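Results of the structural survey
Each chain, letter by letter, is given below.
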Amino acid sequence: MAFGVGVDQHGQRCPRCPHRVLWSQNDLGGRFVTTESGAAGSSRTMSAVSKRYLIRTHGCQMNEHDSERIAGLFEADGMVPAESLDDADVVVLNTCCIRENADNKLYGTLGHLKSVKAARPELEIVVGGCLAQKDRDLIQQKAGHVDVVFGTHNVHRAVDLLEQSRQSGPVTEILDAAVLDDRELFPSALPARRDVGYLAWVTIQIGCDNSCAFCIVPSVRGDEISKPFGSILNEVRGLAAEGVTEVTLLGQNVNSYGRDLTLRLRSESSGLDPAEVAGSSWATDGRARSLFADLLRDVGAIEGIRRIRYTSPHPKDFRDDTVAAMAETAAVCEHLHLPLQSGSDSILSAMHRGYTAERYLEKVAAARAGIDDLAVTTDIIIGFPGETEADFESTLAVAAEVGYDSAYTFVYSPRPGTEAAELTDRFVEHSVTVERMNRLRAVIERSSVRRNEARIGRVEEVMVEGASKKNPDVLTGRTRQNKLCHFASAEPIRRGSYAAVEVTGAGLSHLTGELREVTHVAQHKRRIPVAAG
Ligand code: 5AD
Ligand code: SF4
């Protein structure tokens, strides 16, 4: 089956890079969570009566993570992954509404599924995610063949809602806010089925308290709520015990992680254990503050965790304590994804981003001064309403000054309900955004190539992820700076193992190298296929 990884109109996106937006490459669109034969299979044996599920995911890592949890819930209920739509009994479309056209794509896909269901009436169709949260009853009004619609706050109800629809017909359940229960609130507290056994995402925070004028997230994901410190540590300890060595901490604004927890502890005499809720460092100082730096240090101290990544920080909240924790915690990778969005102060102000270009540049300089060999990547939006040529040139200037390792570049798209979508009289002509995008890509590509070439001759630590798609004799993995690195190996190397690779070549979006030695053989307990050498 075609496996749709992320691309946008500007090229291929890696499925593991932070904050990427995934677009369809396959028949119905989206990324599939399903079996690759032998990969991370369910511990349950398949039986003739087990229902088979297929999950199609659009959107960001949060959505992918939700899909893993839905898969985990299904498998806990005895279901098994389907190989394709043809042998699926249940299809879940986990939707995203960040970009334009998501609605058209969803209704197009549902149109196709209608004919599949006409031929196989027992097929059950489920729609979840941000677009479901936004469109609510509209989905079943437009597509009466959909059995279940749920939103972003009730992923944990997937199995129950499916059962409800079997008993009493189509059901839509959308909650307006998260339920204040740790198990229900945080997808990570639900059982998970991960595609691989050595990497894991850990949700540390949900929602967002900011109000960036272009962004739909606060309205679909709700207020920012942090997962208790102790629960995160327990979760990561559990993952490490299963053999996971790399974790990515997920939140919309990770640098404000824990502020809500500390405020709660200070305002309530609730009998909560401060060390459990906010970590042992906080228990000694008790200030209202973010706990993200503490979290990096404490996760980094968990035995077996060799790499920590996180996404995304917000430049306005990114401070020296995070830089110090990154520098002092060996497991934290030397990679900072710091979304710029625009290099123009007036556009940043209209976006309500809370920083200026100068302040952003100071933060990057401080991070580079504090952390050796740091890769810096970003998100940039072109054509925000009112963006002039001079504004755009400021963005080009900041991009050139930072010299990014890579960047995700987005054409502004109005999201209904956001502040910027109202500024219709200031929308930028499409032909102008296309021309600006080409100029921006040229600047980004120059620095990407330069920074990749500068790595030639170094020995890099690569976590092996499998055989390269183009050449099965070549193994591929990621360096600590999150760069793809391809290298040949005479011996098969187990996925999730670490290798020392000397970099011998560099392209726009990858490195090539020669294997020096395998430095750590993966120990994960799940059955993962051996990558061919
Ligand atoms: N238009 C274009 N890009 C957007 N992003 C978020 N909302 C929009 C929008 N309305 C981009 C931002 C964000 C990334 C995940 O998606 O750059 O950082
Ligand atoms: Fe959206 Fe801004 Fe929150 Fe990021 S910080 S999720 S861009 S509102």
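Residues numbered from 1 in each chain as written. Chains lettered and ligands numbered in written order. Predicted model: local features only at pLDDT ≥ 70, side-chain atom pairs only at ≥ 80, totals over all residues. Heavy atoms only, no water.

Scanning the chain for helices and strands turns up 17 helices and 24 strands. Split into buried and exposed, the 533 residues of the chain put 58% on the buried side. Counted over contacts in the chain with a minimum sequence separation of 6, partners at least 24 positions apart contribute 73%. Surface summary for the chain: the accessible area is close to 20900 Å², and the carbon and sulfur share equals 50%. (Helix = DSSP H or I, 4+ residues; strand = E, 2+ residues; numbered from the N terminus. Buried < 20%, exposed > 50% of the residue type's maximum accessible area, 1.4 Å probe, protein only. Contact = heavy atoms within 4.5 Å. Areas by Shrake-Rupley, 256 points an atom, 1.4 Å probe, with all protein chains shown as cover.)

Okay, the site of ligand 1 next. Contacts to ligand 1 come from 11 residues, most closely from Phe214, Gln341, Asp379, Val411 and Ser413. For ligand 1, an oxygen atom lies 2.7 Å from a polar atom in the side chain of Gln341. The side chain of Asp379 places a nitrogen or oxygen atom 2.6 Å from an oxygen atom of ligand 1. Contact with the protein chains removes 95% of the 410 Å² of surface that ligand 1 exposes when unbound. Looking at the shell around ligand 1, the elements that each hand over two or more residues are β16 (375–382) and β17 (406–411). Counted by class, the shell around ligand 1 contains 6 nonpolar, 3 polar and 2 charged residues. (Near = heavy atom within 4 Å. Polar contact = N/O pair within 3.5 Å; in protein donor to acceptor, adjacent residues only side chain to side chain. Nonpolar A, V, L, I, M, F, W, Y, C, P; charged D, E, K, R; others polar.)

Glancing now at the nonpolar core. Core analysis: the largest hydrophobic core is formed by 61 residues, its most contacted members being Val247 and Leu249. Ignoring sequence-local partners within four residues, the contact set of Leu249 consists of Val202, Ile204, Val254, Phe292, Leu295, Leu296, Ile308, Arg309, Tyr310 and Thr311. Listed in part, the 26 residues of the second largest apolar core include Leu106, Leu123, Ala132 and Ile216. (Core = buried A, V, L, I, M, F, W, Y, C linked by side-chain atoms within 4.5 Å.)

Here the focus is the pairing of strand β14 (residues 307–311). Among the 5 residues that make up β14, 5 are buried, leaving the element largely enclosed by the rest of the structure. Across the two faces of β14 the burial is the same, with Arg307, Arg309 and Thr311 and Ile308 and Tyr310 all buried. As defined by bridge partners, strand β13 (residues 246–250) adjoins β14 across 5 bridges and the pair is classed as parallel. Directly across from Leu250, in β14, lies its bridge partner Thr311. (Pairing = 2+ DSSP bridges.)

Time to look at the sheet that holds strand β18 (residues 459–467). Strands sit in the order β18-β19-β20-β23-β22 around a closed barrel of 5 strands; the barrel is mixed. Ignoring which end each strand starts from, the neighbouring axes of this sheet average 50° apart. Relative to strand β19 (residues 474–479), β18 is paired through 5 bridges, and the arrangement is antiparallel. Note that in β19 the partner of Val464 across the bridge is Gly477. (Axes fitted to C-alpha atoms, helices over the stretch in contact; angles between N-to-C directions.)

Time to look at unusual backbone geometry. The omega torsion across Thr311 and Ser312 is -5°, close enough to zero to call that bond cis. Considering the arrangement of structural elements, one finds Ser312 in the loop between β14 and α13 (320–328). Although it is not a glycine, Gln341 sits at a positive phi angle of roughly 70°. Within the element layout of this structure, Gln341 appears in the loop between β15 (335–337) and α14 (345–351). We note that His352 has phi near 65°; this positive angle belongs to a residue other than glycine. Note on placement: His352 falls in the loop between α14 and α15 (357–370). Assessed through its relative accessible area of 36%, His352 is described here as partly exposed.

Burial along strand β20 (residues 484–488) is one-sided: Cys485 and Phe487 are buried, and none of Leu484, His486 and Ala488, which face the opposite way, are. One ladder, built from 5 bridges, connects β19 with β20; its direction is antiparallel. Note on β20: the bridge partner recorded for Gly477 is Cys485. Two successive antiparallel strands, β19 and β20, enclose a turn made up of 4 residues, where Asn482 displays a positive phi of approximately 70°. Where β20 lies against strand β23 (residues 510–520), 5 bridges are found, and the strand directions are parallel. Residue pairing for β23: Ala488 is matched across the bridge by Glu514.

The local shell around ligand 2 consists of Cys208, Asn210, Cys212, Phe214, Cys215, Val217, Pro218, Gln252, His314 and Arg353. Classifying every residue of the shell around ligand 2 gives 6 nonpolar, 3 polar and 1 charged.

The next thing to look at is the sheet that holds strand β10 (residues 199–203). The strand order β10-β13-β14 describes an open sheet built from 3 strands, whose pairing is parallel. Strands with a single pairing partner mark the edges of an open sheet, and in this sheet they are β10 and β14. In this sheet, adjacent strand axes meet at a mean angle of 25° when their direction is disregarded. The strands that helix α12 (residues 292–300) touches are β13 and β14; relative to β14, the one it contacts most, it runs at about 155°.

Tallying each qualifying case throughout the model produces 32 salt bridges. With a closest N to O distance of 2.7 Å, Glu173 and Arg157 form a salt bridge. One end of the pair, Glu173, is in strand β9 (residues 171–173); the other, Arg157, is in the loop between β8 (148–150) and α5 (158–168), and 16 residues separate them in sequence. A relative accessible area of 19% means that Glu173 is categorised as buried. Of the residues examined, Arg157 reaches a relative accessible area of 22% and is grouped as partly exposed. Measuring nitrogen to oxygen at the nearest pair gives 3.0 Å for the salt bridge that ties Arg458 to Asp373. Linking Arg458 in the loop between α17 (430–453) and β18 with Asp373 in the loop between α15 and β16, this pair joins segments that are 85 residues apart in sequence. Under the relative-accessibility criterion, Arg458 is labelled partly exposed at 36%. Looking at Asp373, the relative accessible area reads 31%, which means it is partly exposed. (Salt bridge = Lys/Arg side-chain N within 4 Å of Asp/Glu carboxyl O.)

Glancing now at the packing of aromatic side chains. According to the stated counting rule, one finds 5 aromatic pairs in the structure shown. Consider the rings of Tyr53 and Phe74, whose centres lie 5.4 Å apart with planes at 65°: the pair is edge-to-face. Of this pair, Tyr53 sits in strand β4 (residues 52–57) while Phe74 sits in helix α1 (residues 61–76), placing them 21 residues apart in sequence. For Tyr53, a relative accessible area of 0% translates into the label buried. Ring geometry for Phe384 versus Tyr412: centroids 5.6 Å apart, planes at 70°, classification edge-to-face. Highlighted residues: Phe384 in the loop between β16 and α16 (389–402) and Tyr412 in the loop between β17 and α17, separated in sequence by 28 residues. Both residues of the pair, Phe384 and Tyr412, count as buried. (Phe/Tyr/Trp six-rings, centres within 6.5 Å; stacked < 30°, edge-to-face > 60°.)

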